[in-house]
Amino acid sequence: MEPAAPHEANADQAAYWNGPGGRHWTDRQEIQDAVLAPVSEVLIARAAVETGEKIIDIGCGCGATTLAIAVRAGVSGDALGLDISAPMLARAKERTSPGAPVRWVAADATVYPFEPGRADLLFSRFGVMFFADPTLSFANMRTGLRPGGRLVFACWREPRQNPWLMLPLQAAYNHAPRLPELGPEDPGPFSFASEERVRHVLSKAGFSSVAMQPVNLLLDVAVGGGLDAAVEGALEIGPASRALEDQPPEVRSAAARAIRAALAPHQKGESVPLGAAIWIVTAANPRVRPS
Ligand SMILES: C[S@@+](CC[C@H](N)C(=O)[O-])C[C@H]1O[C@@H](n2cnc3c(N)ncnc32)[C@H](O)[C@@H]1O
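The present account deals with the structure reproduced in this document. These figures come from a predicted structure and were not determined experimentally.

With that out of the way, let us pick up the overall build of the protein. Of the regular secondary structure elements, the protein holds 12 helices and 7 strands. Against the 2.2 N^0.38 benchmark of 19 Å for 291 residues, the protein shows a C-alpha radius of gyration of 19 Å, consistent with a compact globule. Taken along the three principal axes of its C-alpha coordinates, the protein extends 65 × 40 × 35 Å. Per-residue burial for the protein yields a buried fraction of 44% across its 291 residues. When contacts within the protein are restricted to residue pairs at least 6 apart in sequence, long-range pairs at least 24 apart make up 80% of them.

This is how it looks when you write it as structure tokens:
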């Protein structure tokens with residue numbers, strides 16, 4: 001299931017999510033879904049899916065949220081999981097029960113020709129921060145929503161408010177070179193950290209009633225597997241893993257020890273709960289005014 005050609009400005013992201021990014025997320029799908037379960041819980045509750053609704057899950061990855069919301073929509077509804085990553089979608093397909101009202105599409109959300117005005121809900125768990133031109137992408141996604149339909153997604157707040165990602169990275173920096181500095185609006189996990197920017201992008205893309213709720217969570221980066229599991233996770237996914245990706249074994253081992261030391265004070269039994277800060281963003285596709 002190769003994705004159709006992405007928007008040219010998203011070519012780097014398409015390569016990343018069809019390359020190392022997609023590989024890491026697919027390899028760790030089960031654990032990653034367990035780490036992010038508290039996010040899904042609050043986000044899916046906020047989406048308040050009703051029976052019969054038609055849903056689009058943007059950047060659905062390995063499909064956890066698509067499958068969960070499809071169950072809520074029931075057989076009279078349906079869910080479309082759209083992602084630019086062929087390997088992640090392949091995993092999503094593997095997990096789909098026969099007859100489930102779910103379709104998977106390999107495409108760039110920026111240019112995919114959504115069926116106009118069909119969906120009740122445009123949804124995403126961390127799949128909308130990687131667009132080179134987010135106004136263009138959100139304007140295109142809005143074409144798939146019916147007038148009065150809603151947008152609900154989760155994105156990360158500032159890096160310093162997300163120690164679950166930054167603590168291992170800072171420890172890795174004791175041994176590995178720093179990652180290239182990203183600007184606050186460059187595509188990446190924190191590109192929607194600024195409330196002002198998100199509001200600006202969504203209103204320029206034609207959404208109304210934009211609301212942003214800050215939510216603080218504790219994520220167990222060990223998923224009940226103890227300190228070893230937490231260190232392994234940091235080495236396999238997230239910014240610390242990227243900083244260490246091409247480093248020689250001795251650097252990786254030294255960084256692993258530093259990460260272990262940084263995480264140890266947070267261990268509680270077999271869990272390692274660390275702070276995470278997200279926005280739950282909601283907006284509406286305006287109803288067409290009678291002229
Ligand atoms: C951080 S992952 C989140 C995956 C999934 N939503 C989850 O929570 O497990 C970001 C996802 O966005 C997808 N993505 C990035 N750019 C995209 C684009 N332009 N169009 C569609 N999907 C995109 C990636 O392939 C990846 O699956």
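That covers the picture; the talk isn't over yet.
Surrounding the ligand, one finds 22 residues, the nearest of these being W17, G59, G61, S85 and R125. Put simply, the parts of the chain that give the shell around the ligand at least two residues each are α1 (11-18) and β2 (78-83). Grouping the amino acids of the shell around the ligand by side-chain chemistry returns 12 nonpolar, 7 polar and 3 charged.

Right, let's talk about unusual backbone geometry for a bit. For F126, which is not glycine, the phi dihedral falls at a positive 60°. Checked against the element boundaries, F126 lands in the loop between β4 (119-125) and α7 (134-142). One non-glycine residue, S209, lies in the positive phi region at around 50°. Structurally, S209 is set in strand β6 (residues 208-220). Judged by the 13 C-beta atoms lying within 10 Å of it, S209 falls in the partly exposed class.

Here we take up the nonpolar core. Ranked by size, the top nonpolar core spans 80 residues in total, and within it I55, L122, F123, C155, A172 and I259 carry the most contacts. Among the elements that make up this core, the one with the highest residue count is strand β5 (residues 145-156) (7 residues). Filtering out sequence-adjacent residues up to four positions away, C155 remains in contact with F126, V128, M129, F192, I278, W279 and V281.

Summarising the element assignment, C60 is placed in the loop between β1 (54-58) and α5 (64-73). Taking the C-alpha atoms as reference points, C60 and L82, separated by 22 residues in sequence, lie 5.8 Å from one another. Apart from residues lying up to four places away in sequence, C60 is in contact with T65, T66, G81, L82, D83, A92 and G127.

How each quantity is defined
Residue positions are counted from 1 within each chain, in the order its sequence is given. At least 70 in pLDDT is required for a residue's local features to be given in this predicted model, at least 80 for side-chain atom pairs to be given and counted, and no such filter applies to totals for whole chains, interfaces and linings, which use all residues. Comment: elements are numbered from the N terminus, with helices defined as DSSP H or I runs of at least four residues and strands as E runs of at least two. All radius of gyration figures rest on C-alpha atoms, and the globule criterion is 2.2 Å times the number of residues raised to 0.38. The burial criterion counts other C-beta atoms lying within 10 Å of a residue's C-beta, which is placed from the backbone; the residue is buried at 20 or more, exposed at 12 or fewer, and partly exposed between these limits. We call two residues in contact if the C-beta atoms placed from their backbones are at most 7 Å apart. In this entry, near means the residue's backbone-placed C-beta atom lies within 6 Å of the molecule or strand. Under the convention adopted here, Pro, Cys and the residues Ala, Val, Leu, Ile, Met, Phe, Trp and Tyr are nonpolar, Asp, Glu, Lys and Arg are charged, and Gly plus all remaining residues are polar. Residues of type Ala, Val, Leu, Ile, Met, Phe, Trp, Tyr and Cys that are buried and joined through C-beta atoms within 7 Å form what is called a nonpolar core.

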